[in-house]
Amino acid sequence: MSTILTLPDQATARVPKRNYLTNENGLLSWLLTGDHKRIAILYLISITFFFFIGGALAGLIRMELLTPQSDLMASDTYNKIFTMHGVIMVFLFLVPSVPATLGNFMIPIMVGAKDLAFPKINLLSWYLYLVGGGMTLAAMISGGVDTGWTFTTPMSTHFSNTNVVTTGLAIFVAGFSSIFTGLNFIVTIHKMRAPGMTWFKLPLFVWSNYAASILMVLGTPVLAITLVLVVLERTIGIGVFDATKGGDPILFQHLFWFYSHPAVYIMILPGMGVISEVISTFSRKRVFGYTAVAFSSVAIAVFGFFVWAHHMFIMGVSNYAVLVFSLLTMLVAVPSAIKIFNWAFTLYKGSITFETPMLYAFGFMGLFTIGGLTGVFLGSAGTDIHLTETYFIVAHFHFVMVGGMLMAFLSGVHFWWPKMTGRMYPEKLSQLAAVVTFIGFNLTFFPQFLVGMLGMPRRYAAYPQEFQVLNVFSTAGATILGVGYLLPMIYLVWSLKYGEVAGNNPWQATGLEWQIQSPPLTENFTTIPIVTQDVYDYEWLERQKEHEVTHVG
Amino acid sequence: MSEHFENHDPNCGHDEAEHHIVGPATYAIIFGALLLGTAITIGASYLEMGPWNPVVALAIAVTKATLVVLFFMHIKYSSRLMKLTVGAGVFTFLILVGMSLADYFSRAWGQW
Amino acid sequence: MSDSSHQLTADAGVTPHVHPPYQRHHFVSMEQQTETTSFGMWLFLLTEIMFFGGLFTAYLIYRNWYYPAFVAGSHQLNIFWGSLNTLLLITSSFTMAMGVWCSETKRQKGLIWSLIATLILGLGFLGIKTIEYKEKWEKHHIPGASFSWQGFVHPTPEELKNGDKALPEDIARKTEVYFSLYFAMTGMHAVHMIIGIALLCGMLAKAMRGGYMDGHIAFVENFGLYWHFVDIVWIFLFPLLYLISRHQ
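Here the structure is a predicted model, which is why all the values come from computation and not from measurement. All residue numbers refer to positions counted from 1 along the written sequence of the respective chain. Here chains are named by letter from A upward and ligands by number from 1 upward, in the order in which they appear as written. Since the coordinates come from a predicted model, pLDDT governs what is reported: local features require at least 70, and pairs of side-chain atoms require 80 or more to be given and counted, while whole-chain, interface and lining totals use all residues.

### Here's the deal with the overall build of chain C
Line of reasoning, step 1. The way it works is that DSSP assigns letters per residue, a run of H or I at least four long becomes a helix, a run of E at least two long becomes a strand, and they are numbered from the N terminus. Within chain C one finds 10 helices and 0 strands.
Line of reasoning, step 2. In chain C, the succession of helices and strands from N to C terminus is α-α-α-α-α-α-α-α-α-α.
Line of reasoning, step 3. The dimensions of chain C, computed from C-alpha atoms along their principal axes, are 85 × 45 × 30 Å.
Line of reasoning, step 4. Placing C-beta atoms from the backbone, we regard two residues as in contact once those atoms come within 7 Å. The contacts in chain C between residues at least 6 apart in sequence include a share of 78% that link residues at least 24 apart.

Here it is in structure tokens:
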């Protein structure tokens with residue numbers, strides 16, 4: 001028997017009594033769970049918590065930058081604020097965001113398995129995340145760190161008198177959380193696909209997470225050893241990054257960015273996977289050039305390892321290194337662009353509807369394109385010399401990370417919310433929130449491109465008077481953006497009790513996850529599926545629906 | 001419709017590693033080779049070979065490591081996936097070392 | 001009824017298959033479980049390759065920059081202890097491989113003795129490392145506040161006889177970089193040995209109670225992979241740290 005797509009009557013759907021949320025009760029059943037879905041929810045709550053702390057810090061940054069003087073806080077404090085904002089947002093929010101929540105939840109279901117390969121390691125991963133997050137908070141509360149999230153030497157090793165060691169160790173621990181998630185995904189995707197689920201029948205969300213997982217496993221350990229060396233340098237004074245002892249501060253940057261550049265692809269690739277799913281569902285069309293998108297994901301991962309020194313063009317690397325890394329950076333942009341083109345061609349002649357996930361996906365496509373293009377400007381060494389360490393960089397990475405990744409995350413959360421909770425969120429309110437977020441985002445970050453080009457440096461609490469107008473716009477935008485992010489918090493929680501019952505397949509999407517109940521059973525499937533359906537087979541679905549049946553097969 | 005899905009079923013594949021048991025004879029030979037390699041590398045370090053000293057030392061070390069990976073860790077008898085996995089790790093390691101060293105070496109070449 | 005609305009069925013007429021008690025429920029077969037755990041272990045070893053990779057990168061760069069200091073530093077290491085340690089580790093890899101074979105062929109006594117041998121060899125390694133580190137401490141070669149490079153500007157007559165040269169002060173200072181890397185690399189390696197030995201003790205205890213004789217040997221095999229990897233790291237550390245130009 002083959003897989004059968006079902007389109008149950010949404011009007012009569014009821015939340016099934018037995019599901020992964022109701023299967024077991026009690027705090028311990030959550031804290032000691034091996035169920036990937038429960039772990040995903042635990043992660044979702046945790047990263048949301050850290051997101052709001054990071055967001056509050058962003059609010060403080062923007063408040064300080066309302067005026068040219070460093071009047072809201074001393075420069076030292078400002079350094080701590082933007083450092084903690086970066087550390088929390090990068091390591092405790094963006095890196096785990098899609099993989100640890102949506103990836104954990106969906107990947108086993110999408111490949112047709114009952115769980116990830118190593119459920120206990122999955123749980124361990126969450127606990128490591130909590131320990132790392134807790135240590136970061138402890139460092140923050142007991143005085144903070146002021147080196148920037150990049151921990152650049154010799155500031156971090158010699159001149160800073162803040163909690164570098166605690167934060168460094170915290171990120172070391174959090175890094176292992178990331179490694180274990182990636183390891184779990186790679187093994188699951190290779191070894192636990194259901195019969196008939198070939199690589200090219202996998203949803204592109206799986207491909208993207210697979211590529212990101214490769215980066216997690218191969219890149220994060222280099223960050224780990226780098227942090228160990230910084231801690232040793234700071235505590236014992238071993239001299240490996242200390243110029244007075246013969247060490248090279250640039251070596252730190254080589255090792256740090258060897259991870260941190262692939263890290264940005266760890267952050268964005270899963271988001272791109274979400275976009276593939278959402279765009280195909282809401283244009284009722286298979287993703288254009290599936291193979292190209294799948295291979296592009298892996299290409300981004302592989303090439304992502306070759307370009308790290310484009311963060312170091314002005315730091316003292318050799319001119320030849322600058323040349324080579326600049327060239328390679330141009331290459332790495334190509335697969336990302338291929339994906340954007342493919343999504344655009346997916347939309348072309350599709351039956352497009354504008355549900356909330358799709359609104360966020362549109363936002364992603366526009367904003368990520370701008371962010372990505374500005375990345376190409378920065379990859380060109382000549383322009384980078386002018387633009388680096390200015391607000392242009394800040395705008396660039398916020399466009400890709402917030403306009404891109406965060407929008408993709410919200411898109412995914414809204415897309416799979418009915419599956420995870422069995423409930424729908426209020427559509428009109430969520431569409432409003434998406435629009436508010438888009439407007440707020442552009443108002444916040446577009447002026448930063450301008451102000452960066454005009455020469456405003458980053459990481460400074462005080463700036464020349466002529467930049468104030470644009471900074472005021474930016475802060476105003478940040479307020480609107482904050483509202484845009486608060487709204488989903490409120491209505492998503494509200495929907496848990498009062499939202500409309502979703503049923504199995506509210507979007508009438510293809511994909512294994514939509515063939516099972518919402519919320520799913522603990523074991524996902526009552527029997528392991530045998531996959532014969534092509535992925536994103538919307539044409540087949542349309543043909544079936546023409547006969548006005550709700551039960552097809 | 002319930003045809004044979006062995007070709008598609010990733011779980012039905014046969015894997016030689018699970019059935020191929022490497023015996024003591026093979027292990028003993030490799031052990032001997034490793035001891036020999038160690039002796040050679042110690043001896044070679046006492047010879048004056050100029051720039052070739054580190055090359056020889058690394059070559060011997062790589063050979064020994066390869067023997068351990070292939071035989072003690074059973075990669076020779078493992079699936080293509082395992083071989084590819086080891087290769088990916090070695091490749092990424094070489095990128096880290098190679099491209100970082102390239103920067104340091106090329107600094108000495110001056111401006112252009 | 002949600003169940004009847006999705007018909008994701010397996011083959012009709014599938015019989016409930018019997019599986020060993022140690023097969024986890026999310027796996028369909030023991031074969032899948034074994035391959036999966038082995039693959040997972042290899043991926044973990046990949047992270048270890050990259051972890052040590054950072055240290056090797058640092059080492060190669062500084063060795064290139066401060067070669068004379070590295071030579072002088074390397075000569076401070078005792079080649080006898082280093083060679084002996086290498087022998088101990090290679091032998092322990094052999095005994096561990098034999099242990100895996102014994103568990104595969106259900107030789108209980110062989111497994112226990114192999115594990116004991118591996119343990120003793122591993123402990124011997126750590127013992128020798130302790131001797132070496134103690135010697136470093138006494139000679140003020142541990143980087144940090146207590147480090148002294150004076151001995152490289154003014155070598156002892158015995159060292160001069162062995163071929164060591166007096167270094168100018170600025171290069172002599174760079175020996176601290178060498179020793180930093182020596183301690184970072186061998187220290188990190190030793191940490192991995194300690195973790196391995198702890199796991200080995202647990203495994204030995206279980207083997208003595210009759211474990212690993214029912215076919216459930218994934219732990220032994222995967223531990224073996226870990227142990228061999230730690231051996232491989234040492235295979236590179238030994239020539240790079242101990243054998244820099246012993247002919248000079």
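From this point, the narrative continues.
### Regarding helix α10 (residues 218-242) of chain C
Line of reasoning, step 1. Any helix carries an expected span of 1.5 Å times its number of residues minus one. Here α10(C) spans 36 Å end to end across 25 residues, near enough to the 36 Å set by a 1.5 Å rise per residue.
Line of reasoning, step 2. The burial label depends on the number of other C-beta atoms within 10 Å of a residue's C-beta. Counts of 20 or more mean buried, 12 or fewer mean exposed, and intermediate counts mean partly exposed, with C-beta atoms placed from the backbone. By the criterion of burial, α10(C) is predominantly enclosed, with 23 of the 25 residues buried.

### What about the environment of Lys114(A)?
Line of reasoning, step 1. Tracing the backbone through its elements, the reader meets Lys114(A) in the loop between α3 (75-111) and α4 (119-141).
Line of reasoning, step 2. If we skip the residues at most four places from it in the chain, Lys114(A) touches Pro108(A), Glu523(A), Asn524(A), Phe525(A) and His26(C).

### A look at the interface of chain C and chain A
A common way to express how large an interface is: the accessible area buried when the components associate.
Line of reasoning, step 1. Between chain C and chain A, the residue contacts involve 39 residues of the former and 48 residues of the latter.
Line of reasoning, step 2. Examining the composition of the side of chain C that touches chain A, we find that 17 residues originate from one element, helix α2 (residues 30-65) of chain C, more than from any other.
Line of reasoning, step 3. Note on residue classes: Ala, Val, Leu, Ile, Met, Phe, Trp, Tyr, Cys and Pro are nonpolar, Asp, Glu, Lys and Arg are charged, and everything else, Gly too, is polar. Along the lines of polarity and charge, the residues of the side of chain C that touches chain A split into 19 nonpolar, 15 polar and 5 charged.

### Re helix α2 (residues 24-45) of chain B
Line of reasoning, step 1. Taking 1.5 Å of rise per residue, the 22 residues of α2(B) would be expected to cover 32 Å, and the 32 Å separating its terminal C-alpha atoms lies within 8% of that figure.
Line of reasoning, step 2. Inspection of α2(B) places Tyr27(B), Ile30(B), Phe31(B), Leu34(B), Gly37(B), Thr38(B), Thr41(B), Ile42(B) and Ser45(B) among the buried residues, and these make up the whole buried set. One face of α2(B) carries all of its buried residues, which in axial projection span an arc of 130°. In this structure, α2(B) carries Ala25(B), Ile29(B), Gly32(B), Leu36(B) and Gly43(B) as exposed residues pointing more than 90 degrees from its buried face.
Line of reasoning, step 3. Close packing links the buried residues of α2(B) with α3 (52-72) of chain B together with α4 (79-104) and α10 of chain C. In this context, the arc is that of the directions from the helix axis out to the C-beta atoms.

### As for the nonpolar core
Line of reasoning, step 1. By convention the nonpolar core is taken to be a set of buried residues drawn from Ala, Val, Leu, Ile, Met, Phe, Trp, Tyr and Cys and joined through C-beta atoms within 7 Å. Val111(A) and Leu181(C) are the most contacted members of the largest nonpolar core, which has 277 residues in total.
Line of reasoning, step 2. With 22 residues, the single largest contributor to this core is α3(A).
Line of reasoning, step 3. Note that the domain bounds were set by an automatic or database domain assignment. A domain-level breakdown of this core finds at least three residues from each of domain 1 (1-78) and domain 2 (79-112) of chain B.
Line of reasoning, step 4. Apart from residues no more than four positions distant in its own chain, Val111(A) is found in contact with Thr188(A), Ile189(A), Met192(A), Arg193(A), Ala194(A), Met197(A), Leu202(A) and Val206(A).

### Considerations on unusual backbone geometry
All names here are of chain A.
Line of reasoning, step 1. In this model, threonine 153 is joined to proline 154 through a cis peptide bond whose omega is -5°.
Line of reasoning, step 2. Among the secondary structure elements, proline 154 is positioned in the loop between α4 and α5 (155-159).
Line of reasoning, step 3. Put simply, serine 518 and proline 519 share a cis peptide bond, and its omega is -10°.
Line of reasoning, step 4. Structurally, proline 519 is set in the loop between α15 (468-498) and α16 (538-546).
Line of reasoning, step 5. At phenylalanine 151, a position not held by glycine, the phi torsion is positive, near 50°.
Line of reasoning, step 6. Summarising the element assignment, phenylalanine 151 is placed in the loop between α4 and α5.
Line of reasoning, step 7. Since 25 C-beta atoms lie within 10 Å of it, phenylalanine 151 is described here as buried.
Line of reasoning, step 8. Even without glycine at this site, arginine 459 takes up a positive phi of about 65°.
Line of reasoning, step 9. Within the element layout of this structure, arginine 459 appears in the loop between α14 (427-453) and α15.
Line of reasoning, step 10. Under the C-beta neighbour-count criterion, arginine 459 is labelled partly exposed, with 17 such atoms within 10 Å.

### Concerning the confidence of the model for chain C
Residues and elements named next belong to chain C.
Line of reasoning, step 1. Confidence scores per residue from the predictor, reported as pLDDT, run from 0 to 100. With 93% of its residues at a pLDDT of 70 or more, chain C has an overall mean of 89.
Line of reasoning, step 2. Counted against residues more than four places away or in other chains, residues 1-15, with its pLDDT under 50, gives 26 contacts.
Line of reasoning, step 3. As a predicted assembly, this complex carries a pTM of 0.93 together with an ipTM value of 0.92.

### A look at the environment of Val228(A)
Residues and elements named next belong to chain A.
Line of reasoning, step 1. Relative to the helices and strands, valine 228 is located in helix α7 (residues 204-235).
Line of reasoning, step 2. Assessed through the 19 C-beta atoms surrounding it within 10 Å, valine 228 is described here as partly exposed.
Line of reasoning, step 3. Taking C-alpha positions, valine 228 is 42 Å from proline 519, a pair spaced 291 residues apart along the chain.

### A word on the packing of helix α6 (residues 164-191) of chain A against α7(A)
Residues and elements named next belong to chain A.
Line of reasoning, step 1. Where α6 contacts α7, the axes come no closer than 7 Å and their chain directions differ by 155°. Relative to α7, α6 is oriented roughly antiparallel. Crossing of α6 over α7 shows left-handed handedness.
Line of reasoning, step 2. Residue composition of the contact of α6 with α7, by class: 22 nonpolar, 9 polar and 1 charged. To define axes, lines are fitted to C-alpha atoms, for helices over the stretch in contact only, and angles between the resulting N-to-C directions are given on a 0 to 180 degree scale. Roughly parallel means an angle under 35 degrees; roughly antiparallel means over 145; roughly perpendicular covers 65 to 115; every other angle is labelled oblique. Put simply, a crossing is left-handed when the front helix is turned counterclockwise from the back one by less than a right angle, and right-handed when it is turned clockwise.

### Considerations on the environment of Thr220(A)
Residue and element names in this part refer to chain A.
Line of reasoning, step 1. Here threonine 220 is to be found in helix α7.
Line of reasoning, step 2. Between the alpha carbons of threonine 220 and alanine 174 there is a distance of 9.9 Å; along the sequence they are 46 residues apart.
Line of reasoning, step 3. In this structure, threonine 220 is in contact with Gly175, Ser178, Ile179 and Tyr259, ignoring residues within four places of it in sequence.

### Some words on the packing of helix α9 (residues 290-303) of chain A against helix α10 (residues 319-347) of chain A
Residue and element names in this part refer to chain A.
Line of reasoning, step 1. Where α9 contacts α10, the two axes come as close as 9 Å, and the packing angle between them is 155°. Relative to α10, the element α9 lies roughly antiparallel. Classified by chirality, the crossing of α10 by α9 is left-handed. Residues Ala292, Val293, Ser296, Ala299, Ile300 and Phe303 of α9 form the contact with α10, whose participating residues are Leu331, Val332, Pro335, Ser336, Ile338, Lys339 and Asn342.
Line of reasoning, step 2. When its residues are assigned to classes, the contact of α9 with α10 shows 9 nonpolar, 3 polar and 1 charged.

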